[in-house]
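Here is what each chain is made of, one letter per residue.
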Amino acid sequence: MNIKNETKELIVFVLIVLLAAATFSYMLFGTTGIRVVAGIAFISLPFYIFLNRFELAEGEKFVFSILLGLTIFPSLVYILGLVVSFRLAIAAAFISFISISVISSKYKSKKHI
């Protein structure tokens, strides 16, 4: 698997940032702090996969995915939470965003072949 040098550097940078944030959150809030950092990482994942469709730098995709994850995901969960339970709304929103991201990335790869 050939990975560009820039991508390797970004992966190392993101892991260091996540580790530092998790450590800091653990010192302040205990296990709950680590759960919050992990939640932000998981919420940002579908948007990062979706942003791979566009010609953005890795850093831009990272920042935009966090911003989209912190704005769009809670909004959809809140709207769904008015109808069903919030735990079900969180699961439904996460699964829908992941499936949209995967389907759109597969559509892009078939379109350009």
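Conventions and cut-offs
Residues numbered from 1 in each chain as written. Predicted model: local features only at pLDDT ≥ 70, side-chain atom pairs only at ≥ 80, totals over all residues. Heavy atoms only, no water. Helix = DSSP H or I, 4+ residues; strand = E, 2+ residues; numbered from the N terminus. Buried < 20%, exposed > 50% of the residue type's maximum accessible area, 1.4 Å probe, protein only. Contact = heavy atoms within 4.5 Å. Core = buried A, V, L, I, M, F, W, Y, C linked by side-chain atoms within 4.5 Å. Expected span 1.5 Å × (residues − 1). Bend = angle between axes of the 7 residues up to and from the residue. Patch = residues over 30% accessible without salt bridge, like charges linked within 9 Å, V, L, I, M, F, W, Y side chains within 5 Å. Areas by Shrake-Rupley, 256 points an atom, 1.4 Å probe, with all protein chains shown as cover. Salt bridge = Lys/Arg side-chain N within 4 Å of Asp/Glu carboxyl O. Phe/Tyr/Trp six-rings, centres within 6.5 Å; stacked < 30°, edge-to-face > 60°. Polar contact = N/O pair within 3.5 Å; in protein donor to acceptor, adjacent residues only side chain to side chain.

A. Representation of the overall build of the protein chain in the model. A tally of helices and strands in the protein chain yields four helices and zero strands. Along its sequence from the N terminus, the protein chain presents helices and strands in the succession α-α-α-α. The principal-axis extent of the C-alpha atoms belonging to the protein chain is close to 45 × 35 × 20 Å. Looking at the protein chain as a whole, 20% of its 113 residues qualify as buried. Pairs at least 24 apart in sequence give 42% of the contacts found in the protein chain among residues at least 6 apart.

B. Structural context of the nonpolar core. In this structure, Phe47, Phe73, Val77, Ala89, Ala93 and Phe97 together form the largest nonpolar core, which totals six residues. Elements represented by at least two residues in this core include exactly α3 (58-81) and α4 (86-111). Contacts of alanine 93, omitting those with residues within four sequence positions, involve Phe73, Leu76, Val77 and Leu80.

C. Summary view of the side chain of lysine 61. Assignment of secondary structure puts lysine 61 in helix α3. Residue contacts for lysine 61: discarding those within four places in its chain leaves Tyr48, Leu51, Asn52 and Leu56.

D. Structural context of α3. Taking 1.5 Å per residue as the helical rise, α3 with its 24 residues ought to reach 34 Å, and the 33 Å between its terminal C-alpha atoms agrees with that figure. Where α3 bends most, at glycine 69, the angle is about 30°. Looking only at α3, the buried set comprises Lys61, Ser65, Gly69, Phe73, Val77 and Gly81.

E. How the structure looks around a nonpolar patch on the surface. A cluster of nonpolar side chains, namely Tyr78, Ile79, Leu82, Val83, Val84, Phe86 and Leu88, defines an oily patch on the protein surface of about 740 Å² accessible area. Sorting the residues of the nonpolar patch by element identifies α3 and α4 as the ones contributing at least two each. For isoleucine 79, the location among the structural elements is in helix α3.

F. Representation of the packing of aromatic side chains within the structure. Counted under the stated rule, the structure contains three aromatic pairs. Taking 4.9 Å as the distance between ring centres and 50° as the angle between the ring planes, the aromatic pair formed by phenylalanine 47 and phenylalanine 97 counts as tilted. Of this pair, phenylalanine 47 sits in helix α2 (residues 31-51) while phenylalanine 97 sits in helix α4; the two residues are 50 residues apart in sequence, bridging distant segments of the chain. By relative accessible area, which is 7% here, phenylalanine 47 ends up buried. For the ring pair phenylalanine 50 and phenylalanine 54, a centre distance of 5.7 Å and an interplane angle of 75° mean the geometry is edge-to-face. Here the aromatic residues Phe47, Phe73 and Phe97 are joined through ring pairs into a cluster of three or more.

G. Layout of the side chain of serine 104. Checked against the element boundaries, serine 104 lands in helix α4. Within the structure, serine 104 has its side chain in polar contact with the backbone oxygen of serine 101 (distance 2.9 Å). Look past the residues within four positions of serine 104 in its chain and what remains in contact with it is Phe50 and Arg53.

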